[in-house]
Amino acid sequence: MLQVFEARLFELVTGEIGSELVAGRIVMAISFREEVLEHSWYAIEWWCQRRIFIGNCYVVSLAMKIRRFPEVRSVELKWKPHFADFNLVPDGWGGYFYPWICEMARVYPLLEEIKLKRMVVTDECLELISKSFKNFKVLVLSSCEGFSTDGLAAIAANCRHCCMLFASWNLRELDLRESEVEDLSGHWLSHFPDSCTSLQSLNMSCLASEVNFSALQRLIARSPNLKTLRLNRAVPLEKLSTLLHRAPQLVELGTGAYSAEIRPNVYSNLAEAFSRCKELMGLSGFWDVVPSYLPAIYSVCSRLTSLNLSYATIQSPDVTKIVTQCPNLQSLSVLDYIEDAGLHALSLSCKDLRELRVFPSDPFVADANVSLTEQGLVAVSEGCLKLQSVLYFCRQMSNAALTTIAKNRPNLNCFRLCILEPRAPDYLTLEPLDNGFGAIVDHCKQLQRLSLSGLLTDLVFEYIGNRAKKLEMLSIAFAGDSDMGLHHVLSGCDSLRKLEIRDCPFGDKALLDNVSKLETMRSLWMSSCSVSLGACKRLSQKMPRLNVEVIDEQGDLDSRSDNSPVEKLYVYRTVAGPRLDMPSFIRNMDQNPTCRRYSLEKLFSE
Amino acid sequence: MSVPLEHDYIGLSDASSLERSSESSNISSDNETNNVFNLKATELSLGLPGFSKTCQENATKVGPIFKTGAKRGFSHVNLAGSAKWGLTSGSESVMSKDFNGVFEKNITSSLDVKPVEDKKKGLVNINGSPPPSAKAQVVGWPPIRSFRKNTMANNSSKNGDVAEGNSGSGGCLFVKVSMDGAPYLRKIDLKTYHNYAELSKALEKMFSCFTLGHCTSNGIKGREGLSESNLKDLLHGSECVLTYEDKDGDWMLVGDVPWEMFIDSCKRLRIMKGSEAIGLAPRSTEKCKNMV
């Protein structure tokens, strides 16, 4: 029985690695050196902040099993809801890493990797990491916050106490993707000791401060295994060639600001440096681009599989010129400056394209003077036969275009469309876009992720419920007419794991009619909908294994009537009851919380 | 099943429909109702909550107000009952606690079914004129991460674009606000304010739960140029001092420089309290007198 359960968890977990997750999942990878026959990694999924509740669930014995193997090597924690990326989750929500790291420092001495997403990580956490694990190799902080460059200095310096034991230093990867770092200064980089030669990946693109350039240069020069280097905006273009000369083995490069005065020697140095990078396959960065310097990268274009120009405010001809020189491109991120013409050229040149992301250059104006319409996406869907993943911001869409896209690309597995104006109808017929999205879910039978926008009625949800059987994550905003919309989704989408909804007229009945569905899902987020406080309480009563959290920043939840609507609702399954780090404006609807209080010490002990 | 709710552009839902929905338990497939709410859904409603029919006529007039004030401080929308306008950074869907007949009346009036075509054309241009070039910002929409938003905002300022007012010119400026002694920080978008008065009022409301009643609003209505008094009240009444960290990393007193310069250089805000603040308060009073 236990084996079956574990096998199922393994399947669940490995199916989700790489996608965004919510509800505080811990993936603990344990390395079994001799015992495991098939896999060297055995991933076990734990729910956030579980309590060991003897006899109540199988995970008890799992915990006991883990305890016998204090060889946990890698921990991956993802915490806040996805909508936290868009400021919908208030500060103070939770997700503090500190209690976790305290416990881990105690019981997992061999820990090598920590990967965190959307968590609050303080400098104290980073210091603790730096002191606690002698084999520590990989730190990835994705969309995290709460730490400063002082904490990074501690990580950079951390081998000081262990360099006596080991000849070389361990840190392999420091990746701060899109975290919010309190940037006190660039000095942290200088804390990497001279003995540190093991760095393979460094991503500091989210930092603003200038780092000491010679320290950076020396660090790169003594890191022969450095494959990924993502600089921050403050690294000037004139100095990029110097860095590239010391790291011709780079596979992925994120430039700093891509602008400098037009000087022939700067240009020729840069072009020459790029031409020496024979392994380079991914390029990003490109802030503040001066177009004259773009041809310097032409020598690597033919090899590029990944290109991120989504911060480059260059116009269509310049963008087009680059992308049409990249026949092996698999992943492209651009601004809408590429326009339909550029996308059309892309569809003819980049036949290997798998993923396309088009971001809006000026999302807050009604008319951006950029000629990017639904036609660009249609063109790419026609020409790029391997296209699987789309994120597309635009200002107009039609059912006809969506249907064409669906028929062209039934192999789509991720389709995220954001029409900038909420509730925008089909611009040709002025009808809702129900049929267009209906065609998407009808033709794209492997669709796993879908984000809707535009004018949509309950009908689209009927289509989704009936047809989107592989759909795992659905994002809905400003859509639907009634509870039936939500009911269709909850009752129909068999594979649904994560559902996030904002500003839709979905309410109590659909929620309460589908309570058991919620336990098969990772999480549900609903904000600015029509769910009442009373319904949340009833939901919590019916489903004790769900955490039903009501977020309400007006601060008087206790005195509100059951009829009053809740601002935000977040529901996720748990075996441990309410979490302990909720601020005052979040309430768990569990009426009997004392039965299931827990502590982290318990989690790690028996 | 609940009666379909309408949501206006800024995501405020009509809660009176919610109350009605608890009475009727059948799924409404009433075509007329659906049509009406579909119509409502297609309207580009630029009005504030409680405005429905009137909002279309007033759209162009309401425009500027909507840009600045719609998300916070609905001081001129009169809601009966003790609607507490908890101004928050993360949750801009402000929901009133007690819903009065204002919403009911507006729903009723909107039940006049207009020909579908006309209504929908209204989406394209309201009152025959093109939509305003700058839009009010709905929180979290479009779904773009802060990192990208801030980067693009920096781009436009670097390119020397003249900001068209503080809102709607693109981008936003979220900064952290801390108050000494508060258990957690908040975030606000500086671009949604136009002067120190609005800022101080918003901060006051945001942190009122932490100040044990010391920071009181004198209920000064939005007269122009009252930033001085508001800030003074904030400072005097509560021994709080509002400071900010500028681009050089120095901590400065809020209010010394013109507003535009302030938001250009402000990286984060801190409300100082207690003994640290006492020493500063008298000096800041003098500064207040010089504030525009």
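Because the structure is a prediction, the values reported are computed rather than measured.

Residues and elements named next belong to chain A. Here helix H11 (residues 339–349) crosses helix H12 (residues 374–383) at 0°, and the two axes come no closer than 8 Å. Between H11 and H12, the angle falls in the class roughly parallel. Only Gln375, Gly376, Leu377, Ala379, Val380 and Gly383 of H12 make contact with H11, whose side of the interface consists of Asp340, Leu343, His344, Leu346 and Ser347. For the contact of H11 with H12, the per-class residue count stands at five nonpolar, five polar and one charged.

Another point: the nonpolar core. Residues Phe97, Phe274 and Phe415 of chain A are the most contacted members of the largest nonpolar core, which totals 196 residues. Excluding residues that lie within four positions of it along the chain, phenylalanine 415 of chain A makes contacts with Leu377, Val390, Leu402, Ile405, Phe437, Ile440, Leu447, Arg449, Leu450 and Ser451 of chain A. Counting residues in hydrophobic clusters, the runner-up holds 23 residues, among them Met179, Met206, Cys240 and Leu269 of chain B.

This part takes up the sheet that holds strand S1 (residues 174–179) of chain B. Residue and element names in this part refer to chain B. Taken together, five strands build an open sheet; the order of strands is S2-S1-S5-S3-S4 and the sheet is mixed. In this open sheet, the two strands that pair with only one neighbour each are strand S2 (186–189) and strand S4 (251–253). Ignoring strand direction, the axes of neighbouring strands in this sheet form an average angle of 30°. Examined bridge by bridge, S1 and strand S5 (residues 268–273) share four bridges and lie parallel to one another. Residue pairing for S5: lysine 176 is matched across the bridge by arginine 268.

Per the counting criterion, the structure on display carries 26 salt bridges over all chains. The shortest N-O distance in the salt bridge between lysine 115 of chain A and glutamate 113 of chain A comes to 3.7 Å. On the basis of relative accessible area, glutamate 113 of chain A is assigned to the buried category, the value being 16%. For arginine 172 of chain A, the salt bridge is made with glutamate 113 of chain A, and the minimal N-O distance between the two is 3.6 Å. Placement of arginine 172 of chain A in the loop between helix H5 (149–157) and strand S7 (173–175) and of glutamate 113 of chain A in strand S4 (residues 113–117) is noted, with a sequence separation of 59 residues between them. Of the residues examined, arginine 172 of chain A reaches a relative accessible area of 26% and is grouped as partly exposed. What emerges from the salt-bridge pattern is a single network uniting Asp85, Arg118 and Glu178 of chain A together with Arg145 of chain B.

This next bit is on the state of the cysteines. Enumeration according to the criterion identifies zero disulfides over all chains in this entry. Left without a disulfide partner, cysteine 125 of chain A is nearest to the cysteine sulfur of cysteine 102 of chain A, which lies 7.4 Å away.

Attention shifts here to the pairing of strand S23 (residues 568–573) of chain A. All names here are of chain A. Judged by how many residues are buried, S23 sits mostly within the fold: six of six residues are covered. Of the two faces of S23, both are covered, the one formed by Lys568, Tyr570 and Tyr572 as well as the one formed by Leu569, Val571 and Arg573. As judged from the five bridges shared by strand S21 (residues 523–527) and S23, these two strands associate in the antiparallel manner. Counted as the bridge partner of methionine 526 is leucine 569 from S23. Across six bridges, the pairing between strand S22 (residues 546–551) and S23 is antiparallel.

Cut-offs and rules
Residues numbered from 1 in each chain as written. Chains lettered and ligands numbered in written order. Predicted model: local features only at pLDDT ≥ 70, side-chain atom pairs only at ≥ 80, totals over all residues. Heavy atoms only, no water. Axes fitted to C-alpha atoms, helices over the stretch in contact; angles between N-to-C directions. Helix = DSSP H or I, 4+ residues; strand = E, 2+ residues; numbered from the N terminus. Parallel < 35°, antiparallel > 145°, perpendicular 65-115°, else oblique. Contact = heavy atoms within 4.5 Å. Nonpolar A, V, L, I, M, F, W, Y, C, P; charged D, E, K, R; others polar. Core = buried A, V, L, I, M, F, W, Y, C linked by side-chain atoms within 4.5 Å. Buried < 20%, exposed > 50% of the residue type's maximum accessible area, 1.4 Å probe, protein only. Pairing = 2+ DSSP bridges. Salt bridge = Lys/Arg side-chain N within 4 Å of Asp/Glu carboxyl O. Disulfide = S-S within 2.5 Å.

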